[in-house]
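In case you want the letters, here they are:
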Amino acid sequence: MGQKINPLGFRLATTQGHHSLWFAQPKNYSKGLQEDQKIRECIKNYVQKNMRISSGVEGIARIEIQKRIDLIQIIIHMGFPKLLVEGKPRRIEELQMNVQKELNYVNRKLNITITRITKPYGHPNILAEFIAGQLRNRVSFRKAIKKAIELTEQADTKGIQVQIAGRIDGKEIARVEWIREGRVPLQTIRAKIDYCSYRVRTIYGVLGIKIWIFVDEE
């Protein structure tokens, strides 16, 4: 049987870059890693609290962290930044204060910037949030996946594969269902493939969503 590898780690330094850029001594590495995790969770929690959206999509594609000696630069790539920035112009400052309070930064300066993604539904994280929202509202999983595939086709992608595992539609026995549209060459390292795995809590239990999107070939 084929051994599965994370498509992002497999393509590092060819078509994929690191989401965190910093250097640490071996004994401090785990501390830095936990710090990154806390920053990402803090930002996601803040966005969830302050964005009231009907579809339940936060719109965060990825969070990049760059650490220097006296500065931490955080770049949030969002599909719908208007929903966070509109209404409250001081939202970013408030988010900055929240993260600083959470991590007790005294000597280090924190800088958060938000960049807008032109085609949000071409990113697997945003798409997974969309599918999760549909499944929570008890929409049939096939309908949810087909709608997601339609949205990615508008974003000019070359192929997509969506897999859902767990107690689908509340059935007693858990199973795995997947649908592929277009090409998804997982063996080709040159192929730029975006991937994400996402957990969604439904009333029947936890479902796992995995999405592979074939963006382009270099």
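Definitions and limits used
- Residues numbered from 1 in each chain as written.
- Predicted model: local features only at pLDDT ≥ 70, side-chain atom pairs only at ≥ 80, totals over all residues.
- Heavy atoms only, no water.
- Helix = DSSP H or I, 4+ residues; strand = E, 2+ residues; numbered from the N terminus.
- Contact = heavy atoms within 4.5 Å.
- Areas by Shrake-Rupley, 256 points an atom, 1.4 Å probe, with all protein chains shown as cover.
- Lys, Arg positive; Asp, Glu negative; His and termini not counted.
- Charge placed at Lys NZ, Arg CZ, Asp CG, Glu CD.
- Axes fitted to C-alpha atoms, helices over the stretch in contact; angles between N-to-C directions.
- Parallel < 35°, antiparallel > 145°, perpendicular 65-115°, else oblique.
- Left-handed = near helix turned anticlockwise from the far one by under 90°.
- Nonpolar A, V, L, I, M, F, W, Y, C, P; charged D, E, K, R; others polar.

**Some remarks on the overall build of the protein**
Okay, so step 1: Assigned secondary structure in the protein consists of six helices and eight strands.
Okay, so step 2: Ordering the α and β elements of the protein from the N terminus gives α-β-α-β-β-α-α-β-α-α-β-β-β-β.
Okay, so step 3: Viewed in the frame of its principal axes, the protein has a C-alpha envelope of about 50 × 40 × 35 Å.
Okay, so step 4: Counting contacts in the protein only where the partners sit at least 6 residues apart, residues at least 24 apart contribute 63% of the total.
Okay, so step 5: Put simply, the protein shows about 13200 Å² of open surface, and 50% of that area lies on carbon and sulfur atoms.
Okay, so step 6: Counting 38 positive and 22 negative side-chain charges, the protein places the averaged centre of each group 3 Å from the other.

**A look at the packing of helix α2 (residues 29–50) against helix α4 (residues 91–103)**
Okay, so step 1: For the pair α2 and α4, interaxial distance at closest approach is 10 Å and the crossing angle is 140 degrees. It follows that α2 is oblique to α4 by the angle criterion. Here the hand of the crossing between α2 and α4 comes out right-handed. Residues Glu35, Lys38, Ile39, Cys42, Ile43, Tyr46 and Asn50 of α2 form the contact with α4, whose participating residues are Arg91, Glu94, Leu95, Asn98, Val99, Glu102 and Leu103.
Okay, so step 2: In terms of residue class, the contact of α2 with α4 is made up of seven nonpolar, two polar and five charged.

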